[in-house]
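# Architecture at a glance
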Amino acid sequence: MENYIWDFDGTLFDTYPAMVEGAFHALNDFGIERPKNEIYRVMKQESMRKLRESYQLEEVAFNQLFHEYERQYQGMSAPFKETEMVLRHLKESGAKHYILTHRVTASTWELLKNFDLADLVEEVIGIDQGFARKPAPDAILHLIDTYKMKLEKTMMVGDRKLDIEAGINANVSTCLYDIDHFLGEIPADHTVANLADILMIKKNTE
């Protein structure tokens, strides 16, 4: 592979602890009390939007509270143990990295810079840039067109069904990063439980 398009939350960075805390406290402000493990499961199997809509909460009001609380717990967020090694190894072998996330672009770059990983990434496309949300392929297609990527040399990597569906919809290879094993059947080309296994996928497909 020459191009890796990465999801961010739960794929490159373990940000779910902070996100769950943010959602837990935001829901509490609306008088809703749910177990944190339940919140996590909905976020992983579906999305934050699904969590909010399941309680019929207004988007702007909920998101404002969620982001305020999430920032308070940002110190809990860090890259997975293998993230830097995998990104650097692939880049040194000639690959390029891009991030497609439902997180705001600036906060994604901030976390990358905090852990000295920003130099490994060509571009971040966040939810604030106006592309349709995954599983729509719009943002992936934008990257493909902008950087003249070959479809057969491009892989979408993510930890949720919507990441894989976005890759399929864009006609690129897909890799599911599954550390929970409760996501069910997801038609990814590859599935790994450790990011380092992506290096073996590259070796086996060359």
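A brief report on the enclosed structure follows. For clarity, every value in this text was computed on a predicted model and none was experimentally measured.

## What to know about the sheet that holds strand β4 (residues 96–100)
Spatially, β5-β4-β1-β6-β7-β8 is the arrangement adopted by the six strands of the open sheet, whose pairing is parallel. A strand with exactly one partner marks an edge of an open sheet, and here the two such strands are β5 (121–125) and β8 (190–192). Pairwise comparison of adjacent strand axes, ignoring direction, gives a mean angle of 20° for this sheet. As defined by bridge partners, strand β7 (residues 173–177) adjoins β8 across three bridges and the pair is classed as parallel. In the strand pairing of β8, cysteine 175 is matched with histidine 190. Across the sheet, helix α6 (residues 105–114) touches β4 and β5, and the angle it forms with β5 is around 145°. Against the sheet, helix α7 (residues 138–146) touches β1 (3–6), β4, β5 and β6 (154–158), its axis set at about 145° to β5.

## What to know about the environment of aspartate 189
Secondary-structure assignment places aspartate 189 in the loop between β7 and β8. Separated by 17 residues in the primary sequence, aspartate 189 and valine 172 have C-alpha atoms spaced 9.7 Å apart. Look past the residues within four positions of aspartate 189 in its chain and what remains in contact with it is Val172, Ser173 and Thr174.

## Side note on the side chain of threonine 11
With respect to the element layout, threonine 11 can be found in the loop between β1 and β2 (13–14). Threonine 11 gets classed as buried once you look at its relative accessible area, which sits at 0%. Reaching out from threonine 11, the side chain makes a polar contact with the side chain of aspartate 7 at a distance of 2.9 Å.

Each value, and the rule that gives it
- Residues numbered from 1 in each chain as written.
- Predicted model: local features only at pLDDT ≥ 70, side-chain atom pairs only at ≥ 80, totals over all residues.
- Heavy atoms only, no water.
- Pairing = 2+ DSSP bridges.
- Helix = DSSP H or I, 4+ residues; strand = E, 2+ residues; numbered from the N terminus.
- Axes fitted to C-alpha atoms, helices over the stretch in contact; angles between N-to-C directions.
- Contact = heavy atoms within 4.5 Å.
- Buried < 20%, exposed > 50% of the residue type's maximum accessible area, 1.4 Å probe, protein only.
- Polar contact = N/O pair within 3.5 Å; in protein donor to acceptor, adjacent residues only side chain to side chain.

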